[in-house]
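Secondary and tertiary structure notes
Next come the chains, spelled out residue by residue.
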Amino acid sequence: MIRVFLPTPLQTLAGTGREVQLEIEGPVTQAAILDALEARYPPLRGTMRDHVTHQRRPFVRFFACQQDVSHDQPDTPLPPEVVSGKEPFMVIGAMAGG
Amino acid sequence: MTGVRLLVGTRKGAFILTSDGKRERWNVNGPHFMGWETMHLKASPADPNRIYAAPSISWFGQQIHRSNDGGKTWEPVNNQFTYDGDTGTHQWYDGTPKPWEFKRVWHVEPSLTDPDTAYAGVEDAALFKTTDGGQSWQELPGLRRHGSGPRWQPGAGGLCLHTIIQDPSNADRMYIAISAAGAFRTEDGGKSWQAINQGLRSEGIPDPNAEVGHCVHHVAMHPARPNTLYMQKHWDVMRSDNGGDLWHEISGNLPTDFGFAIDVHAHEPETIFVVPIKSDSEHVVPDGKLRVYRSRSGGNEWEALTNGLPQSDVYHNVLRDAMSVDSLDECGVYFGTSGGQVYASNDAGDTWSAIARDLPAVLSVEAQTLA
């Protein structure tokens, strides 16, 4: 079971709390998690990545085991701690301001 | 019960203000979509409880929400706006070609007759349509493929399609406006479009017959006079009496002919309202005075409306979609400011009062008359 933490605006859109839990068959990757998230919560489509190109939105970041994995290839396997559910996969709205 | 519902879009969400037919006391409900910049929301003329809203936020992009109960509750619907086929290019600020790229929705215009049909004007400029209540959006690509498309250039606010007007006497006829391409008309339901910018004069465009390039800020039409259009251009207030084929200036005695908002009295097609704004660099009302100007002669002769509006130390703007009228017997007029105030007049502009004072910066105001 994969644990995913969502930022507050996406919790509101999806109608969830901070943590959602997903079952994923096959390799657990960034792309697989986003596919599963969007399938279960259609309002999240287009909020984290482009509808068509699947390019990550500039101010959205992904963290796993305290590491920023935003720039990893979407099909890169995530750490075993995320796969086992010990650690969450975190979707974060980047700190942006000035 | 007769009343008015004001749909107010702001930098940080939407608010719904309601009143009975007297329009003296107002309830403020909101914020809806807190933290999401809500450029525009508008109700269906065919079903007053159906409202479409277009909140967006830079982190997570565009959303479209729909209400079926007059704004009490909302549900997200489809937010995918994908251009049809080859995107092609428009001009960037430096004149180089730039591929069309969806940025956000500026304006949502529900159909006059079908609650499930609505139009969305977006940046980069294009017109989208839904016929299933927002479950899917399809581009009407004939507009973007108008021969002049590669020459369209963004205004300072972006290449935005901000105005959509449907002709109630002809379902195939529609007007739209784009900053800074100009105004366009379709006679075939959006399949093909004609640029309607003749008569416009703009500093920086030496060709008096330029097909496109004018910075049209907003256009208004009275539903009983679909051939008469009023335009607030970047500079100049303009009028056309032939569906946009030719425009002439009606700025007359306005203290400045720059501005954004323009609207028409619900029962008097020759009575129009504007809010003059000082210069294209300052973007505040002139002389620190908040004044709506009204012409009862279809333009050229304007009177300042000040009763109830602050006449000192005001430095706000009133944006293009932030003025609206209701259709009660005594026409109500409403506008919102960049300072977060919403002002209302229940007597066609003779007197005004602030019905909300400390909202986030107001981006849009739509008055909905409830039977």
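Our structure is the block above this text.
Residues numbered from 1 in each chain as written. Chains lettered and ligands numbered in written order. Predicted model: local features only at pLDDT ≥ 70, side-chain atom pairs only at ≥ 80, totals over all residues.

**Some details on the overall build of chain A**
- Helices and strands together make up the secondary structure of chain A, namely three helices and five strands.
- Ordering the α and β elements of chain A from the N terminus gives β-α-β-α-β-β-α-β.
- Its C-alpha radius of gyration of 12 Å places chain A within 12% of the 13 Å reference for a compact globule of 98 residues.
- Oriented by its inertia axes, the alpha-carbon framework of chain A measures out at about 35 × 25 × 25 Å.
- The buried share among the 98 residues of chain A stands at 30%.
- Partitioning the contacts of chain A with sequence separation of at least 6, the portion at a separation of at least 24 is 54%. (Helix = DSSP H or I, 4+ residues; strand = E, 2+ residues; numbered from the N terminus. Rg over C-alpha atoms; globule rule 2.2 N^0.38 Å. Buried ≥ 20, exposed ≤ 12 C-beta atoms within 10 Å, placed from the backbone. Contact = placed C-beta atoms within 7 Å.)

**Describing the interface of chain B and chain A**
- The partner chain A presents 12 residues to the 10 residues of chain B that form the contact.
- Classifying every residue of the side of chain B that touches chain A by side-chain character gives four nonpolar, six polar and no charged. (Nonpolar A, V, L, I, M, F, W, Y, C, P; charged D, E, K, R; others polar.)

**Quick notes on the sheet that holds strand 2 (residues 19–22) of chain A**
All names here are of chain A.
- A sheet is described by the order of its strands in space; here five strands give the open sequence 2-1-5-3-4, paired in mixed fashion. Each edge of the open sheet is held by one strand with a lone partner, namely strand 2 and strand 4 (67–68).
- Two strands pair when backbone bridges link them, and strand 1 (residues 2–5) and strand 5 (residues 89–93) are joined in this way by two bridges, in the parallel orientation. Each bridged residue has a counterpart across the sheet, and for Val4 the counterpart in strand 5 is Phe89. (Pairing = 2+ DSSP bridges.)

**Looking at the environment of Pro115(B)**
Residue and element names in this part refer to chain B.
- For Pro115, the location among the structural elements is in the loop between strand 11 (104–110) and strand 12 (118–123).
- Once the C-alpha coordinates of Pro115 and Ser353 are considered, the two residues, 238 residues apart in sequence, prove to be 33 Å apart.
- Aside from chain neighbours lying at most four places away, what touches Pro115 is Ser44, Ala46, Asp47, Arg50 and Pro110.

**A look at the sheet that holds strand 20 (residues 229–233) of chain B**
Residue and element names in this part refer to chain B.
- One open sheet accounts for four strands, arranged 19-20-21-22; its pairing is antiparallel. Every interior strand has two partners, whereas the edge strands, strand 19 (216–221) and strand 22 (248–249), have only one.
- Summarising the sheet, strand 19 and strand 20 pair through five bridges and their orientation is antiparallel. Note that in strand 20 the partner of Val219 across the bridge is Met231.

**What about the environment of Arg50(B)?**
Residue and element names in this part refer to chain B.
- Note that Arg50 resides in strand 5 (residues 47–57).
- Separated by 141 residues in the primary sequence, Arg50 and Lys191 have C-alpha atoms spaced 26 Å apart.
- Those residues in contact with Arg50, other than ones at most four positions away along the chain, are Ala43, Ser44, Asn68 and Pro115.

**Some words on the pairing of strand 12 of chain B**
Residues and elements named next belong to chain B.
- Within strand 12, six of the six residues are buried, which leaves it mostly tucked inside the rest of the structure.
- Neither face of strand 12 is exposed, since Ala118, Ala120 and Val122 on one face and Tyr119, Gly121 and Glu123 on the opposite face are all buried.
- Sheet analysis places strand 11 next to strand 12, joined by six bridges and oriented antiparallel. In the sheet register, Arg104 faces strand 12, and the bridge partner there is Glu123.
- Where strand 12 lies against strand 13 (residues 126–130), five bridges are found, and the strand directions are antiparallel. Bridge assignment links Ala120 to a residue of strand 13, and that residue is Phe128.
- A loop of two residues connects strand 12 with strand 13, the two strands running antiparallel in sequence.

**Some points on helix 2 (residues 30–40) of chain A**
Residues and elements named next belong to chain A.
- Among all positions of helix 2, only Gln30, Ile33, Leu34 and Leu37 are buried. Around the axis of helix 2, the buried residues are gathered within 95° of arc, so they sit on the same side. Across from the buried face of helix 2, at angles greater than 90 degrees, the exposed residues are Ala39 and Arg40.
- Where the residues of helix 2 are buried, they touch strand 1, strand 2, strand 3 (60–64) and strand 5. (Arc of directions from axis to C-beta.)

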